[in-house]
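# Descriptive structure summary
The residues making up each chain are set out below.
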Amino acid sequence: MVARYEDFASEAPERWLGDGYLRDNVPIMIAVRYGQNQEICRFDRIDEEANHWNRLHRYKCVRTMVVALATHVKCVPVTGWEDVDVGAIMRDNVEGIYDSPSEDDKQLVNLRDYPLLDDNGHEMNVYDWRGHRIPRRHALIDDGISTAGMLFQLRNLHEVFEDRLFDGGGDSDLGIDSMAHFLYPIGCLGNIGQFQANGVMNCFLPLVRSINDRLAVDDDDDDDDDDDIDLDASTQAHVTRVISPVSSQGYNAYVHRIRARSRFHDVQRGMMTAAFLGTHVSGQANLNKAHDLRRLCDIALPFDRYHEKIIGADFDQSLRVENVFTIRVGRLRRAERTGRYIFKNIIHPLLRMTSHPTVLQVIKRHVVVFRQDVLPSIVEWTTFGLCTALRVLWSMHQLNLENGIPVPPYCVELTAALERTLNFSHTGNPKVLSKGLMDPLWLSLSCMSDGMPCVSPIVSLETSEHLTLRVRRSEWPVSTRTAYPEVCSRRSMLLNFGIPHFNAYHAIFHVKHGICNLPDTFESHITDRSTRLALYIITLAVRVYETDVHTLVQSGVNASLGDVGQGPDADDHEVAIRLERTQALEAWSNIKDKILGYECQAHTHLVRAVVSDPRNLIDGLPKSVHSPKSIQWFAREMISASASGAAHPCAPFISGGGALPVMRVALSEAKCQLGITNMDSEANVLDLLVRVLNKRHVMNVPWSRNPTPGPGRPPSTVVYDSWVNLGSRHPHGASEPLIVGPSQRRIADATQSSTIASEKDCRAPWSVNDLSIQELHRMLDRSTLPIEWSLQLISLPNSDSYVTKTYEWVRDNYDGSRPVHQTALIVAIIFAAVLPNILHDSTPSHLRSVTTPEAITHAVRSSPWCPPPPGRKGFTSSHHFVTMMSTFIIAMYEPTSPLRIYMNEHQGNMGAPWTSKHGAKGIKPFNLVRMGLATAHGINIYTSPKYGMLWRVLTSSEIINYHSHLLRQLRDQPYGPHSALVFVVGETMANNLACTNQVKGRGLTRKSESSVEVGSSKRPRLV
């Protein structure tokens, strides 16, 4: 870049050079190398490293560089000492050897006459001319010995960041007039931990100043950092220094070894909380992520991962003191701007400062030393209770996670609070503590006050059979501002799944909490509890809507005020208007309840705050083109917007508010409480919502701006200065809606029901006996089984048999809206109509040499329907066969049915209990192939075929096509039902059923029996 920039600028296209930017400017480059953690300044390779630094950069082109220098302070057991040769010491220190590091009282000593030890057996230290201690003995340390862990004593650590330690020296030139520092207690130890500071310890400052004083500074260099900037004397002194402290931190080195990633420990990632939250999300991508999080926790919980990392590991547990400095290379003389000079005269002296006696003694006074290999385990010991509680929560909800059942929000939030407490225990960072929830749970209060976490009686531990944590839901803390239950999982949900999922989850929690805490005094005159609950849930949602309106008006009015009426040029009228609107907004905001009504002058204050022009006050709130409307209209708009599924709120809901997700959940829960299963029926919920809106005095509501002429979509975002009045009379009257409980409503619905309504109701009971196949189209919308479908007709084995379980499974899981289920029932009805001709001949001789599945399937589809042998009974009751054949078809198409599970476990065999009961009745694979519901792959389809090898059911797309074709023919009156029979059982059997008035025949010429072939050529083929 340096060598080629001028050529690049001169060769640039003309259109680039028009504004002169490339010619008048030069680029600034920033080179960053993070996380090197490279060992430097080894005493035996100083020159080698200096040469390496010299090769790294062209320092004459570098203006400023920032370096982080870390020093490890170790404490290890010493087994012995080895004296250093006196002559070698004197040769290495020709500048002189002194008895003190202090410049004021140090004296030269003759090392040959100077005692090695004092009376207590301690080494009598000597120092070089710069005050650094000269070792006179080498410590003998056994191989493999581990270091003793060290942390800072935080109680008085503020002393090392106060100016009074080194007053009189004047450190303003180093930029440390004020120094913020932050303390982080570790392992619930209260006053023991680590620190960060916006500067360095003051014991370093004299040494930094002396290094600065020794550097060759170019005072005449024009390329300094304060070009054309006027600076005061203190700042000028600061920027003219080559070296300036930036920040520092002190911690134990073991923390680098227990991080899963460069930034976070395992216990900081909230993995358990995220896994629990994953049961509340939707979308395949989110579900896959939730599955991965659960799998990680199944392998090992976060605190177990920490244990695996520290157990038996040989950690470096030394104290790590890390200082960050700014080096203004541009302040050095140009000749000295080399890597060798910078390394030897700046980097090396800065790194050696930590070993200087004046620094080391200060550090020693504020350090706590632990026994060897104790420090990493201390956090485990002090957080044993937290980890046990988290393990209990994980065990309690293991099945929920495996089955995708949402974990109760109370347990999710308790897990989040405990994980945050565990995070604090490992890092000491109070930012992870969420006061809204964790203060009432005592977790954050105890951590900040005493160090050791404890939990309030809101949470209790039960030990009857298995350890279980219980939450007193009635005492769960609630936000005084929003009335939402307090949570601390928001950050985890946002990072892993996004804000829409959190809003939905929080809304569900809000409603669930309301259900669990229905006040005794709420609508106490209503005897039906379900109705009371539904009303309370909707009331919660309306209160959230009122909060959104409050926020919208407050932010909108404040934004409109802006700088109006402020500044020296504002006239008295503007100042007065601003003051009046501000006071009105404050008065309206102070109203505790029913802020959208007329009581307590709420409407008056609202008008005064919203209307910006005093001349328009007489007209009231700015009106939308929709105004006025009835309260029923507004309630219907709320329900419609809630059901739309739109990602972004539109009128009447406010963008950025919480009412939309809460209302969606509230309406759904209200329907559940009222027993409303038909989601299209909203009359009851509408009545409840109208009742709540009336009781909350919702008289005026904000709306979107009025549409403007021209193309484009009409505005849909709700604003604070467009309002709809809800005082218009409803066309059908405005009387209070009659609230009917579920039991009374069911009686009323039953009384008003009729045959026509019953036929239109897909869930209404219906009978096969009442219908011919010609009339079957009338019941195609039914989602339930006919009343003739009954297990009492079937002689089933014991309840533990997979045969019985298969019938029960079909009964419990039948859904007529699903193509497979509806097809199975229709085909079973047709099959029962064919009785008793449901058997078949033996394997045709011409098939024995044929192996293609198509030919075998063709032969089966073409085979005639045969009656049972004379004397065999049990082929007359159609109800039995409707039940058995529909069960067989559904069970074969549903992979989770007990029959299919049994077959998967027995290599495709249906088993003797099934075949012995059904085979002789024609309820077997052959007839499925014959009716087009399966394909044959071997000639054993005529005897006892094995599923998967000799036959298979249709694919999903094929069965959907089969279903569509069948329904289309049944609805095509009058001859479509005959075509449907031809499609399923062949032309011969269709004509036979036409003769019995099951369907209307087409009047075809009757062929002789010898010339009739019932085969696929006679049936429409699906492509």
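Residues numbered from 1 in each chain as written. Predicted model: local features only at pLDDT ≥ 70, side-chain atom pairs only at ≥ 80, totals over all residues. Heavy atoms only, no water.

## Thoughts on the overall build of the protein chain
- Check the secondary structure of the protein chain and you find 38 helices and 17 strands.
- With 1023 residues in all, the protein chain has 48% of them scored as buried.
- Summarising the internal contacts of the protein chain: among those between residues at least 6 apart in sequence, 71% fall at separations of at least 24.
- As displayed, the protein chain has an accessible area near 52500 Å², and 50% of this comes from carbon and sulfur atoms. (Helix = DSSP H or I, 4+ residues; strand = E, 2+ residues; numbered from the N terminus. Buried < 20%, exposed > 50% of the residue type's maximum accessible area, 1.4 Å probe, protein only. Contact = heavy atoms within 4.5 Å. Areas by Shrake-Rupley, 256 points an atom, 1.4 Å probe, with all protein chains shown as cover.)

## Examining helix 10 (residues 302-310)
- When helix 10 is considered as a whole, its buried residues turn out to be Pro302, Phe303, Arg305, Tyr306 and Ile310. When helix 10 is viewed along its axis, its buried side chains cluster within an angular range of 155 degrees and face the same direction.
- Packing partners of the buried residues in helix 10 comprise helix 8 (271-277), helix 9 (284-299), helix 13 (375-382), helix 14 (384-396) and helix 16 (409-427). (Arc of directions from axis to C-beta.)

## What to know about helix 24 (residues 631-643)
- Along its 13 residues, helix 24 runs 19 Å from first to last C-alpha, staying within 8% of the 18 Å computed at 1.5 Å per residue.
- If you check which residues of helix 24 are buried, you get Ile631, Gln632, Trp633, Phe634, Ala635, Met638, Ile639, Ala641 and Ser642.
- Elements that come into contact with the buried residues of helix 24 comprise helix 21 (529-561), helix 25 (659-674), helix 26 (683-695), strand 14 (700-704) and strand 15 (718-725).
- The first or second residue beyond helix 24 is Gly645, which carries a positive phi of 75 degrees. (Expected span 1.5 Å × (residues − 1).)

## Some details on a nonpolar patch on the surface
- A cluster of nonpolar residues, Val78, Trp81, Ile141 and Ile145, forms a patch on the protein surface that exposes about 330 Å² of accessible area.
- Structurally, Ile145 can be placed in the loop between strand 5 (137-140) and strand 6 (148-153). (Patch = residues over 30% accessible without salt bridge, like charges linked within 9 Å, V, L, I, M, F, W, Y side chains within 5 Å. Salt bridge = Lys/Arg side-chain N within 4 Å of Asp/Glu carboxyl O.)

## Quick notes on the pattern of salt bridges
- The full count for this structure, using the stated rule, is 23 salt bridges.
- Taking the shortest distance from any N to any O, the salt bridge between Glu669 and Lys512 comes out at 3.0 Å. Pair noted here: Glu669 is in helix 25 and Lys512 is in helix 20 (residues 499-516), with a separation of 157 residues, a long-range link.
- Overall, Glu669 belongs to the buried group, its relative accessible area being 14%.
- With its nearest N and O atoms 3.0 Å apart, the salt bridge here joins Asp812 to Arg811.
- With a relative accessible area of 53%, Asp812 lands in the exposed category.
- When salt bridges that share partners are traced, they join Glu123, Arg133 and Arg137 into one network.

## Comments concerning the packing of aromatic side chains
- One pass over the structure, following the stated rule, counts 21 aromatic pairs.
- Arranged with centres 5.7 Å apart and planes meeting at 45 degrees, the rings of Trp53 and Phe343 form a pair that is tilted. Taken together, the positions of Trp53 in helix 4 (residues 46-56) and Phe343 in helix 11 (residues 339-352) put the pair 290 residues apart, joining distant regions of the chain.
- For Phe343, a relative accessible area of 0% gives the class buried.
- Cluster of aromatic residues (ring-pair linked, three or more members): Tyr410, Trp476, Phe502, Tyr505 and Phe509.
- Note that Arg137 overlies the ring of Trp81, its terminal NZ or CZ placed 4.3 Å from the centroid.
- Sitting over the ring of Trp865, Arg930 keeps its end group 3.7 Å from the ring centre. (Phe/Tyr/Trp six-rings, centres within 6.5 Å; stacked < 30°, edge-to-face > 60°. Lys NZ or Arg CZ within 6 Å of the ring centre and 35° of its normal.)

## Things to note about empty space enclosed by the protein
- Counted by the stated rule, this structure contains 2 cavities of 30 Å³ or more.
- In this structure, the largest cavity spans a volume of roughly 80 Å³.
- What lines the largest cavity is simply Trp766, Leu776, Met779, Leu780, Arg782, Tyr814, Gln822, Leu825, Ile826 and Ile829.
- In terms of residue class, the lining of the largest cavity is made up of 8 nonpolar, 1 polar and 1 charged. (1 Å grid on protein atoms, 1.4 Å probe; cavity = no way out; pocket = protein on both sides within 12 Å on 5 of 7 lines; lining within 4 Å. Points joined across faces, edges and corners; volume = space filled by probe spheres on them. Nonpolar A, V, L, I, M, F, W, Y, C, P; charged D, E, K, R; others polar.)

## Considerations on the packing of helix 30 (residues 819-834) against helix 32 (residues 878-893)
- At their nearest, the axes of helix 30 and helix 32 sit 8 Å apart, and the two run at 145 degrees to each other. Seen from above, helix 30 lies across helix 32 with right-handed handedness. Across the interface between the two elements, Val820, His821, Ala824, Leu825, Val827, Ala828, Ile829, Phe831 and Ala832 from helix 30 touch Ser878, Phe881, Val882, Met885, Ser886, Ile889, Ile890 and Tyr893 from helix 32.
- Along the lines of polarity and charge, the residues of the contact of helix 30 with helix 32 split into 14 nonpolar, 3 polar and no charged. (Axes fitted to C-alpha atoms, helices over the stretch in contact; angles between N-to-C directions. Left-handed = near helix turned anticlockwise from the far one by under 90°.)

## Digging into the pairing of strand 7 (residues 181-185)
- In terms of strand pairing, strand 7 meets strand 8 (residues 192-197) through 5 bridges, oriented antiparallel. Bridge pairing links Phe182 to Gln196 in strand 8.
- Following strand 7, the chain reverses through 6 residues before pairing antiparallel with strand 8; Gly187 in that reversal takes a positive phi of roughly 65 degrees. (Pairing = 2+ DSSP bridges.)

## Structural notes on the side chain of Ser772
- Note on placement: Ser772 falls in the loop between helix 28 (755-760) and helix 29 (802-813).
- A residue is classified by how much of its surface remains accessible, and Ser772, at 17% relative accessible area, is buried.
- Ser772 has contacts with Asn997 and Gln998, leaving out every residue within four places of it along the chain.

## So, the pairing of strand 1 (residues 65-73)
- Burial along strand 1 is one-sided: the residues Met65, Val67, Leu69, Thr71 and Val73 are buried and none of Val66, Ala68, Ala70 and His72 is.
- Relative to strand 10 (residues 319-327), strand 1 runs antiparallel, the two being bridged by 9 bridges. Note that in strand 10 the partner of Thr71 across the bridge is Val321.

## Some thoughts on unusual backbone geometry
- Along the chain, Ser627 connects to Pro628 via a cis peptide bond; the corresponding omega equals 0 degrees.
- Note that Pro628 resides in the loop between helix 23 (602-610) and helix 24.
- Gln973 connects to Pro974 through a cis peptide bond whose omega is 5 degrees.
- By secondary structure assignment, the location of Pro974 is in the loop between helix 36 (956-971) and helix 37 (976-985).
- In this structure, Cys188 is a non-glycine residue whose phi angle is positive, near 60 degrees.
- Mapped onto the elements, Cys188 comes out in the loop between strand 7 and strand 8.
- Relative accessible area serves as the criterion here: at 9%, Cys188 is assigned to the buried category.

## Some remarks on the side chain of Lys106
- You can see Lys106 is positioned in the loop between helix 5 (86-92) and strand 3 (126-127).
- Among the polar contacts listed, one links the side chain of Lys106 to the side chain of Glu103, at a separation of 3.4 Å.
- A polar atom in the side chain of Lys106 sits 3.1 Å from the backbone oxygen of Trp129.
- Beyond its immediate sequence surroundings of up to four residues, Lys106 is in contact with Tyr98, Asp99, Ser100 and Trp129. (Polar contact = N/O pair within 3.5 Å; in protein donor to acceptor, adjacent residues only side chain to side chain.)

## A look at the environment of Gln774
- Tracing the sequence through the fold places Gln774 in the loop between helix 28 and helix 29.
- Residue classification places Gln774 among the buried positions, given a relative accessible area of 14%.
- Counting along the chain gives 223 residues from Gln774 to Asn997, while the straight-line C-alpha distance between them is 8.4 Å.
- Aside from chain neighbours lying at most four places away, what touches Gln774 is Gln973, Pro974, Pro977, Gln998, Val999 and Lys1000.
- There is a polar contact of 2.6 Å between the side chain of Gln774 and the side chain of Gln973.

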